[in-house]
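These are the residues of each chain, in order.
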Amino acid sequence: MSLLLKNADWIITLDNDGHRYRHADILVDGPAIKAIGPDLPVGKGDTVIDARGKIVLPGLINTHHHLYQTLTRNIPATQDIPLFPWLVTLYEIWRELTPEGLHWGAMVGLGELLKTGCTCSSDHHYVFPCDQRKELIDAEIQAARELGIRFHATRGSMSLGRSQGGLPPDEVVQDEEEILADSERLIRQYHETGPYAMCQIALAPCSPFSVTPELMRDSAALARRYGVRLHTHLAETLDEENFCLEKFGRRPVAYMADHGWLGADVWFAHAIHLNDAEIALLGETKSGVAHCPASNMKLASGVCRVKDLLKAGVQVSLAVDGSASNDSSNMWNEMRIAYLLQKLTYGNDGLTAEEVLRLATVGGARVLGREDLGYLAPGMAADLILINFNDLGFAGGQHDPVAAIITCGDSQLVDTTIVNGRVVVREGRLIRVEEEEISRQANRVSEEMLALAGRRTGRDYFAYPARRPLF
């Protein structure tokens, strides 16, 4: 199947030379881009998309998410509290998660991502309630297939329950043999290799405060035996730092180094509380970082030193994080927040608009180990998005299309999303599924989970905590 995008106002390739085409075309043949340039001929059987008034970009790449959390966002009992008590509260609700619930949560999160320009997403799922442990990762892989998004499922895990000094309740942690066996099953069943792979697997123990050192080492060994990547949370909060110092006598980065968790096949979520030596070590080992600005701001975790990481040679990408701490799976919004937050932190030396866009595209591809994604060129995957540059939000601001994408408009400007050469969003709507049915089912499951957790714990999760005086 061939697609021909005709007469785009701008084609922003984000290739190494920064090519930008004015009033040009893109020819897509099957899953790949075949040609870019002006006046490409219409071939017999080509499906033509009129791209006049549109900016064409490579699809955005989200490198850290918790899709199940779309079912538990905006809960009154979890507002305005730090990470550790926030997690303790939510674990009791997440105990009610089922494969059906995870499927609908994934449909919501991945659908939001597609509608905001994301064509490839990872997900970090680590909650496995004791009576619902089978085929949870399978449920979100199925959701990704239904929607048509490129998907990197990271098989998360927790093995250190409260009875062993960890943070999560014992009811959502697993035996380490069970974790490793299911991790191997998922790799063998779903992991695709080669160009244009639509599904890949990575291994992702949750965090130093929820897994044992043995699981960290064994997961790394298993991943490297199969040639898949490694992912975990790192240095998100000072609570985590204190936990590592008290329990292991090591700061989080040193703890990772002790267990073979540095290298070009590893990427970390957050990486906020790092000193200069740790940043240098991540750069020397070519480790990756998923920057999650909206979540970090809401949980008051701190600000990632993105500029310093980039200068040190760290591979940095952009991510929305889970919807319980972001309340949205909106890559468009994440880019704008990243741009503004780094300006606030570094002043005029903060990230430029194009640097932010590169984090969300080329940076994501590098962190996920993908050489076929991240920019537009012949032979690259046909993951494209079309933005309506004639929308009111861009009026008076069309002088620099890249800066306009980051600073102007709104998240509803994605007109068309194409993944692997197939249109999955048209005129801002998902075309392979019914959006209203996804919303209905997700709302039902969310209410059921909170009601079940409330009956079990005797807590009203819909009640707001006591309010501080306004004045």
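Structure: see above.
Reading the values: rules and limits
- Residues numbered from 1 in each chain as written.
- Predicted model: local features only at pLDDT ≥ 70, side-chain atom pairs only at ≥ 80, totals over all residues.
- Heavy atoms only, no water.
- Helix = DSSP H or I, 4+ residues; strand = E, 2+ residues; numbered from the N terminus.
- Rg over C-alpha atoms; globule rule 2.2 N^0.38 Å.
- Buried < 20%, exposed > 50% of the residue type's maximum accessible area, 1.4 Å probe, protein only.
- Contact = heavy atoms within 4.5 Å.
- Lys, Arg positive; Asp, Glu negative; His and termini not counted.
- Charge placed at Lys NZ, Arg CZ, Asp CG, Glu CD.
- Core = buried A, V, L, I, M, F, W, Y, C linked by side-chain atoms within 4.5 Å.
- Arc of directions from axis to C-beta.
- Polar contact = N/O pair within 3.5 Å; in protein donor to acceptor, adjacent residues only side chain to side chain.
- Axes fitted to C-alpha atoms, helices over the stretch in contact; angles between N-to-C directions.
- Parallel < 35°, antiparallel > 145°, perpendicular 65-115°, else oblique.
- Left-handed = near helix turned anticlockwise from the far one by under 90°.
- Nonpolar A, V, L, I, M, F, W, Y, C, P; charged D, E, K, R; others polar.
- Pairing = 2+ DSSP bridges.
- Phe/Tyr/Trp six-rings, centres within 6.5 Å; stacked < 30°, edge-to-face > 60°.

Chemist: What am I meant to see in the overall build of the protein here?
Modeler: In terms of regular secondary structure, the protein is built from 15 helices and 17 strands. Taken against the 2.2 N^0.38 rule, which gives 23 Å for 471 residues, the C-alpha radius of gyration of the protein at 22 Å falls within 12% of a compact globule. Buried positions account for 61% of the 471 residues belonging to the protein. Of the contacts made within the protein by residues no fewer than 6 positions apart, 75% connect residues no fewer than 24 positions apart. Charge-centre separation for the protein: the mean point of 46 positive side chains lies 2 Å from the mean point of 62 negative side chains.

Chemist: Please clarify how the nonpolar core should be interpreted in this entry.
Modeler: In globular proteins that are soluble, nonpolar side chains generally tend to be buried together. Counting residues in each nonpolar core, the largest one holds 123 residues, and the members touching the most others are Trp 94 and Met 335. Ignoring any residue separated from it by four or fewer positions in sequence, one finds Met 335 in contact with Leu 60, Leu 318, Val 356, Leu 357, Ala 360, Ile 405 and Ile 406. Counting 18 residues, the second largest nonpolar core, distinct from the first, contains Leu 3, Ala 24, Leu 376 and Leu 384.

Chemist: Help me out: how do you make sense of helix α8 (residues 276–284) in this one?
Modeler: Residues that lie three or four places apart on an α-helix share one face, since the helix turns once every 3.6 residues. Where α8 is concerned, the buried positions are Glu 278, Ile 279, Leu 282 and Gly 283. Down the axis of α8, the buried set is contained in an arc of 140°. They therefore lie on one face. For α8, the exposed residues set more than 90 degrees away from the buried face come down to Asp 276, Ala 277 and Glu 284. Buried residues in α8 make contact with α7 (252–258), β11 (266–270), β12 (288–291) and α10 (306–311). By the N-cap criterion, in which a side-chain oxygen at the helix start approaches the backbone nitrogen of a residue two or three places on, α8 is capped by Asn 275, the distance to Ala 277 being 3.2 Å. Backbone geometry just downstream of α8 places Lys 286 in the positive-phi region, at approximately 60°.

Chemist: Would you mind showing me how to read the packing of helix α2 (residues 99–115) against helix α3 (residues 136–147) here?
Modeler: In a pair of packed helices, the angle between the axes and the distance between the axes together describe the arrangement. Interaxial distance between α2 and α3 falls to 8 Å at its minimum, and their mutual angle equals 40°. The orientation of α2 with respect to α3, classified from their angle, is oblique. Taken as a pair, α2 and α3 cross one another with a handedness that is right-handed. Judged by residue contacts, Pro 99, Leu 102, His 103, Ala 106, Met 107, Leu 110, Gly 111 and Leu 114 of α2 engage Leu 136, Ile 137, Ala 139, Glu 140, Ala 143, Ala 144, Glu 146 and Leu 147 from α3. Each residue belonging to the contact of α2 with α3 can be placed in one class, and the counts come to 12 nonpolar, two polar and two charged.

Chemist: Would you mind going over the pairing of strand β3 (residues 32–37) with me for this structure?
Modeler: When a strand is regular, its side chains alternate between the sheet's two faces. One ladder, built from five bridges, connects strand β2 (residues 20–29) with β3; its direction is antiparallel. Within β3, the residue paired with Asp 29 across the bridge is Ala 32. Linking two consecutive strands that pair antiparallel, namely β2 and β3, is a turn of two residues; a positive phi of about 65° is found at Gly 30 within it.

Chemist: Can you walk me through the environment of Gly 111 in this structure?
Modeler: Along the chain, Gly 111 turns up in helix α2. For the pair formed by Gly 111 and Ala 144, sequence separation is 33 residues and the distance between their alpha carbons is 8.9 Å. Ignoring sequence-local partners within four residues, the contact set of Gly 111 consists of Ala 106, Leu 147 and Leu 430.

Chemist: Hey, could you run me through unusual backbone geometry in this one?
Modeler: In terms of backbone geometry, most residues other than glycine have negative phi values and most peptide bonds are trans. In this structure, Ala 235 is a non-glycine residue whose phi angle is positive, near 50°. Topologically, Ala 235 is positioned in the loop between β10 (229–234) and α6 (238–248). The buried category is assigned to Ala 235, whose relative accessible area is 2%. Positive phi is not limited to glycine here, since Glu 427 has a value of about 50°. Within the secondary structure, Glu 427 sits in the loop between β16 (422–426) and β17 (429–430).

Chemist: In this structure, what is going on with the sheet that holds strand β6 (residues 60–62)? I would like to understand it.
Modeler: The strands that make up a sheet are held in pairs by hydrogen bonds between backbone atoms, and each pair lies either parallel or antiparallel. Overall, parallel pairing links the eight strands, which are arranged β6-β7-β8-β9-β10-β11-β12-β13 in an open sheet. Strands with a single pairing partner mark the edges of an open sheet, and in this sheet they are β6 and β13 (315–318). Between one strand axis and the next, the sheet turns through 20° on average, direction left out of account. Pairing of β12 with β13, which is carried by four bridges, proceeds in the parallel orientation. When the sheet's bridge partners are listed, Val 289 is paired in β13 with Val 316. Along the sheet face, helix α4 (residues 176–190) touches β8 (150–157) and β9 (199–205) and points at about 165° away from the line of β9. Here helix α13 (residues 353–367) sits on the sheet in contact with β6, β10, β11, β12 and β13, set at roughly 120° to β13.

Chemist: Just checking my understanding: could you explain the packing of aromatic side chains for this structure?
Modeler: Here a ring pair, both rings aromatic, is described through the centre-centre distance and the interplanar angle of the planes. According to the stated counting rule, one finds nine aromatic pairs in the structure shown. Summarising the aromatic geometry, the rings of Tyr 68 and Tyr 126 are spaced 6.1 Å apart at their centres and angled 90° between planes, so their arrangement reads as edge-to-face. Linking Tyr 68 in the loop between β6 and α1 (83–94) with Tyr 126 in the loop between β7 (118–125) and α3, this pair joins segments that are 58 residues apart in sequence. One exposure class covers both Tyr 68 and Tyr 126, and it is buried. Centroid distance Trp 86 to Trp 94: 6.2 Å. Interplanar angle 80°. Geometry classified as edge-to-face. Looking at Trp 86, the relative accessible area reads 4%, which means it is buried. Each residue in the set Tyr 68, Trp 86, Tyr 91, Trp 94 and Tyr 126 is aromatic and connected to the rest through ring pairs, giving one cluster.

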